[in-house]
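Secondary and tertiary structure notes
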Amino acid sequence: MNVKVTAKKMQADGLAEYAESKLKKLERFFGEDFDAKITVSAQRGMITLELTVQHDNLTFRAEQSAQNKNDALDASIDRIVRQIRKNKTKIEKRLHVSAFNESFTDDIEEQATYEIIKKKPIILHPMNVDEAILQMNMVGHSFFMFKNGDTGEINVVYKRKDGHYGVMEPRKD
């Protein structure tokens, strides 16, 4: 287990040790071979904690706000466990076989398949990120796929919950 804690506009004293002890709960799924990145920040009197767990090519992310950073971490870990349990049939081949015993999964309704109700072909025009954000806002979507005119790669811009924007770019491993 590799844990990295980042604090923004606050001190994260003792959070790394607390996180390591609580993240042991995820070892039943991943073993000791996973990375956890925790970003904690103070906003409007609340603590917002983002937890990202990566194992092989799987990424799980949870964000939680609470009065206390430890409570936010506990709730984030519970959310990730819930994500794993909900999608267990799709991901159990990549996780430890013993992670899913019957008593552990009884209370969660399993989602076996995803129903695709629409396929939409799109034409990707080269544009820069600012043009893509403008297009996204004009069509009223929360994301927009485009061909980056500078790199030639397919990118996605998206609107974050905090009102800012993000760009997803492909990465070659």
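Now for a quick tour of the structure. (Residues numbered from 1 in each chain as written. Predicted model: local features only at pLDDT ≥ 70, side-chain atom pairs only at ≥ 80, totals over all residues. Heavy atoms only, no water.)

**A short note on the nonpolar core**
- In this structure, Leu 23, Leu 26, Ile 38 and Leu 51 are the most contacted members of the largest nonpolar core, which totals 25 residues.
- Elements supplying a minimum of two residues to this core: helix 1 (15–23), helix 2 (27–30), strand 2 (35–43), strand 3 (46–55), strand 4 (58–66) and helix 3 (69–86).
- If you tally residues by element for this core, the top one is helix 3, at six residues.
- Those residues in contact with Leu 51 that lie beyond four places of it in its chain are Leu 23, Ala 36, Lys 37, Ile 38, Phe 60, Arg 61, Ala 62, Leu 73, Ser 76, Ile 77 and Ile 80. (Core = buried A, V, L, I, M, F, W, Y, C linked by side-chain atoms within 4.5 Å. Buried < 20%, exposed > 50% of the residue type's maximum accessible area, 1.4 Å probe, protein only. Helix = DSSP H or I, 4+ residues; strand = E, 2+ residues; numbered from the N terminus. Contact = heavy atoms within 4.5 Å.)

**Digging into the sheet that holds strand 8 (residues 165–168)**
- Taken in spatial order, the four strands line up as 5-6-7-8 in an open sheet, and their pairing is mixed. Only two strands of the sheet have a single neighbouring strand rather than two, namely strand 5 (126–127) and strand 8.
- Relative to strand 6 (residues 143–148), strand 5 is paired through two bridges, and the arrangement is parallel. Counterpart to Pro 126 in the pairing with strand 6 is Lys 147.
- Against the sheet, helix 6 (residues 129–139) touches strand 5, strand 6, strand 7 (154–159) and strand 8, its axis set at about 150° to strand 6. (Pairing = 2+ DSSP bridges. Axes fitted to C-alpha atoms, helices over the stretch in contact; angles between N-to-C directions.)

**Some thoughts on the sheet that holds strand 3**
- Overall, mixed pairing links the four strands, which are arranged 1-2-3-4 in an open sheet. Strands with a single pairing partner mark the edges of an open sheet, and in this sheet they are strand 1 (2–8) and strand 4. Direction aside, neighbouring strands of the sheet carry axes that sit 15° apart on average.
- With seven bridges connecting them, strand 1 and strand 2 associate as parallel partners. Bridge pairing in strand 2 places Ala 7 opposite Val 40.
- The strands touched by helix 3 within the sheet are strand 2, strand 3 and strand 4, with strand 4 carrying the most contacts at an inclination of about 145°.

**Considering the environment of Asp 162**
- Considering the arrangement of structural elements, one finds Asp 162 in the loop between strand 7 and strand 8.
- Judged by its relative accessible area of 47%, Asp 162 falls in the partly exposed class.
- Among the polar contacts made by the side chain of Asp 162, one reaches the main-chain amide nitrogen of His 164 at a distance of 3.0 Å. (Polar contact = N/O pair within 3.5 Å; in protein donor to acceptor, adjacent residues only side chain to side chain.)

**Observations concerning the pairing of strand 3**
- When you tally the buried positions in strand 3, you get seven out of ten residues, the bulk of the element.
- In this sheet, strand 3 lies alongside strand 2 in antiparallel orientation, the contact comprising nine bridges. Bridge pairing in strand 3 places Ser 41 opposite Thr 48.
- Where strand 2 folds back onto strand 3 in an antiparallel hairpin, the turn is made up of two residues, including Arg 44, whose phi is positive at roughly 50°.
- With nine bridges connecting them, strand 3 and strand 4 associate as antiparallel partners. Of the residues in strand 4, the one forming a bridge with Leu 51 is Ala 62.
- Count of turn residues in the strand 3/strand 4 antiparallel hairpin: two residues, of which Asp 56 carries a positive phi of about 50°.

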